[in-house]
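Analysis of the macromolecular model
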Amino acid sequence: DNLTLAKSGRFNTQANLQGAQIIDEMRRLGMFPADTIANGGFENCVILYAEERCAMILCAPWLIGRVGPSVLEKSVITSFPKMDNAVTDPADFNLGSIAQSLIITRKSFKDSAKQAAIVDFADFLLSDEMFIELAKHTMMPAKNVEFGEEAAQYLNPTMIAASEYTASRPTYAPMWFLMPSPNVAAVYLDSIDEIFAGAVTPNEFVTKTQAAFDSEAK
């Protein structure tokens with residue numbers, strides 16, 4: 001349903017309601033920190049995990065380096081658990097996207113005094129050498145690069161394992177990437193915070209987010 005969100009404008013689907021109900025059930029079972037706002041976000045979740053104060057997290061690749069070797073040795077990379085009534089098994093896909101991009105204005109690129117420097121800078125940012133350096137800091141390369149023995153010795157083994165684990169599966173964008181506008185995405189993100197905190201019901205969450213879609217369409 002959600003892969004076509006921007007075109008369909010329909011968020012109030014049975015699948016999204018069921019997803020919200022599962023989140024609410026998990027909250028009531030004590031599966032999240034009591035203060036989800038203070039402990040939310042990638043960085044704070046990783047701190048909890050690195051301090052062995054939680055059992056499972058969604059770990060962004062660039063934060064793998066924040067988890068110490070002793071904890072990583074006891075960790076495994078796995079797929080999201082398959083929820084009740086799910087049609088698609090999360091073991092069959094990845095969730096993610098390319099982060100960071102380079103935007104060059106047409107005016108600057110057409111400026112003959114700047115164009116050569118812009119091309120050189122873009123080539124530098126997109127070079128194998130740059131992606132190898134990023135990989136050393138547990139950023140998954142967005143292109144295929146040959147690391148070589150010298151560079152490979154600096155790579156985090158868990159980052160390598162994560163790259164290999166995700167290599168053979170299709171990747172779907174996170175939900176907020178699929179919204180028709182930043183305004184709708186902001187409403188969705190605020191609403192999802194509220195349901196994790198127990199401030200709204202699953203029905204209220206779906207209804208509130210759908211209202212943002214409807215407003216955007218007017």
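Please refer to the structure placed before this passage.
What you see is a predicted model; the values in this text were computed from it and never measured. Numbers given for residues are sequential positions, taken from 1 along each chain in its written order. Side-chain atom pairs in this predicted model are given and counted only at pLDDT of 80 or more, local residue features only at pLDDT of at least 70, and totals for whole chains, interfaces and linings cover all residues. Side-chain measures here rest on the full set of heavy atoms in the structure, leaving out hydrogens and waters.

**Focus: the overall build of the chain**
Numbering goes from the N terminus for both helices and strands, where a helix is a DSSP run of H or I of at least four residues and a strand is a run of E of at least two. The helix and strand tally for the chain stands at 11 helices and two strands. Helices (α) and strands (β) of the chain occur, in sequence order from the N terminus, as α-α-α-α-β-α-α-α-α-α-β-α-α. The buried share of the chain, reckoned over its 218 residues, is 26%. Any two residues whose heavy atoms approach within 4.5 Å at even a single point are treated as in contact. For the chain, the proportion of contacts with a sequence separation of at least 24, taken over those separated by at least 6, is 51%. Computed with the Shrake-Rupley method and a 1.4 Å probe, the accessible areas treat only the protein chains shown as cover for residues. If you sum the accessible surface of the chain, you get close to 14,600 Å²; carbon and sulfur atoms cover 55% of it. Between the averaged position of the 17 positive side-chain charges in the chain and that of its 27 negative side-chain charges there is a distance of 7 Å. Relative accessibility thresholds used throughout: buried, under 20% of the residue-type maximum; exposed, over 50%; partly exposed, between the two (1.4 Å probe, protein chains only). The positive count covers Lys and Arg only, the negative count covers Asp and Glu only, and His and the chain ends enter neither. By convention, charge coordinates are those of NZ in Lys, CZ in Arg, CG in Asp, or CD in Glu.

**Let's talk about a nonpolar patch on the surface**
Like charges are joined within 9 Å and nonpolar side chains (Val, Leu, Ile, Met, Phe, Trp, Tyr) within 5 Å, but only among residues with over 30% relative accessible area and no salt bridge; these make up the patches. For salt bridges, the criterion is a side-chain nitrogen of Lys or Arg within 4 Å of an Asp or Glu carboxyl oxygen. Judged by side-chain polarity, Leu102, Ile104, Phe109, Val119, Phe121 and Phe124 come together as a nonpolar surface patch covering roughly 520 Å² of accessible area. Ranked by residues supplied to the nonpolar patch, first place goes to helix α6 (residues 112–125) with three residues. For Phe109, the location among the structural elements is in helix α5 (residues 106–109).

**Some points on the packing of helix α2 (residues 14–28) against helix α11 (residues 202–217)**
The description of two packed helices rests on the angle between their axes and on the distance between the axes. Here the axes come from fitting lines to C-alpha atoms, over the contacting stretch only for helices, and the angles between their N-to-C directions go from 0 to 180 degrees. Direction vectors running N to C along α2 and α11 enclose 135°, while the axes themselves pass 8 Å from each other. The angle between α2 and α11 falls in the class oblique. Viewed along their axes, α2 and α11 form a crossing whose handedness is right-handed. Side by side, α2 and α11 meet where Asn16, Leu17, Ala20, Gln21 and Asp24 of the first sit next to Pro202, Asn203, Phe205 and Val206 of the second. All amino acids are sorted into three groups, where Ala, Val, Leu, Ile, Met, Phe, Trp, Tyr, Cys and Pro are nonpolar, Asp, Glu, Lys and Arg are charged, and the leftover types, Gly among them, are polar. Split by residue class, the contact of α2 with α11 holds five nonpolar, three polar and one charged. Each angle is binned into one of four classes, with values under 35 degrees roughly parallel, values over 145 roughly antiparallel, values of 65 to 115 roughly perpendicular, and all other values oblique. Left-handed describes a crossing in which the near helix is turned anticlockwise from the far one by less than a right angle; the clockwise case is right-handed.

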